[in-house]
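Residue-level structure breakdown
Here's the letter readout for the chains.
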Amino acid sequence: MHFESLSDFFAMGGYAGYVWSAFGITFLSMLIVLYVSVKRGEALLKEVQAKVDRQARIEAAKNLENTL
C-alpha cells in the first residue's frame with residue numbers, strides 16, 4: 001500500500017482505529033507475556049536455589065552424624 005504523506009499512513013485509509021488498536025493490543029499482550037515470564041523465571045530460580053541449599057544442609061548434617 002502506498003501512502004502520499006505521513007498523515008495518510010497514520011490514517012490507514014480510514015481504518016486507523018482498527019489497525020492501531022490491533023497493534024496496541026498486540027504490543028500490550030506481548031509486554032504482559034514478557035513480564036509474567038520473567039517473574040515466573042525468577043520464582044523458579046529461587047525455588048531451585050532453595051532446593052540446592054536444602055540438599056547441601058542435609059549433606060552437611062549427614063557428615064556431622066558420621067563423625068560422632
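Cut-offs used in this document
Residues numbered from 1 in each chain as written. Predicted model: local features only at pLDDT ≥ 70, side-chain atom pairs only at ≥ 80, totals over all residues. Heavy atoms only, no water. UniProt positions renumbered as here; feature names shortened; annotations may be inferred. Salt bridge = Lys/Arg side-chain N within 4 Å of Asp/Glu carboxyl O. Helix = DSSP H or I, 4+ residues; strand = E, 2+ residues; numbered from the N terminus. Buried < 20%, exposed > 50% of the residue type's maximum accessible area, 1.4 Å probe, protein only. Phe/Tyr/Trp six-rings, centres within 6.5 Å; stacked < 30°, edge-to-face > 60°.

The protein chain goes by Heme exporter protein D in an unreviewed UniProt entry, where it is assigned to Vibrio nereis. Recorded in UniProt under Subcellular location (unreviewed entry), the annotation for the protein chain is "Cell inner membrane". Under the UniProt heading Sequence similarities (unreviewed entry), the note attached to the protein chain is "Belongs to the CcmD/CycX/HelD family."

Summed over all chains, the structure comprises two salt bridges. One salt bridge in this structure joins glutamate 42 and lysine 39, with 3.7 Å as the shortest N-O distance. Here lysine 39 and glutamate 42 lie together in helix H2 (residues 16-67), a separation of three residues that amounts to about one turn. On the basis of relative accessibility, which here comes to 41%, the residue lysine 39 falls in the partly exposed class. Lysine 51 is the partner of glutamate 47 in a salt bridge, and the nearest nitrogen-oxygen pair spans 3.6 Å. Pair noted here: glutamate 47 and lysine 51 are both in helix H2, with a separation of four residues, about one helical turn. With a relative accessible area of 55%, lysine 51 lands in the exposed category.

Our next topic: the UniProt feature "transmembrane region" (unreviewed entry) in the protein chain. Within this structure's numbering, the places UniProt gives as "transmembrane region" (unreviewed entry) are residues 15-36. Secondary structure across residues 15-36 comprises 95% helix and 0% strand; the distance between its end C-alpha atoms is 32 Å.

A separate point is the packing of aromatic side chains. In the structure shown here, the tally under the stated rule is four aromatic pairs. Note on phenylalanine 10 and tryptophan 20: the rings are 5.9 Å apart at their centroids and 45° apart in plane angle, and the pair reads as tilted. With a gap of 10 residues between them, phenylalanine 10 in helix H1 (residues 6-11) and tryptophan 20 in helix H2 connect regions that are remote in the sequence. You can call phenylalanine 10 partly exposed: its relative accessible area is 47%. Ring centres 5.5 Å apart and planes at 35° place the aromatic pair tryptophan 20 and phenylalanine 23 in the tilted group. Here tryptophan 20 and its partner phenylalanine 23 are both found in helix H2, three residues apart, which amounts to about one turn of the helix.

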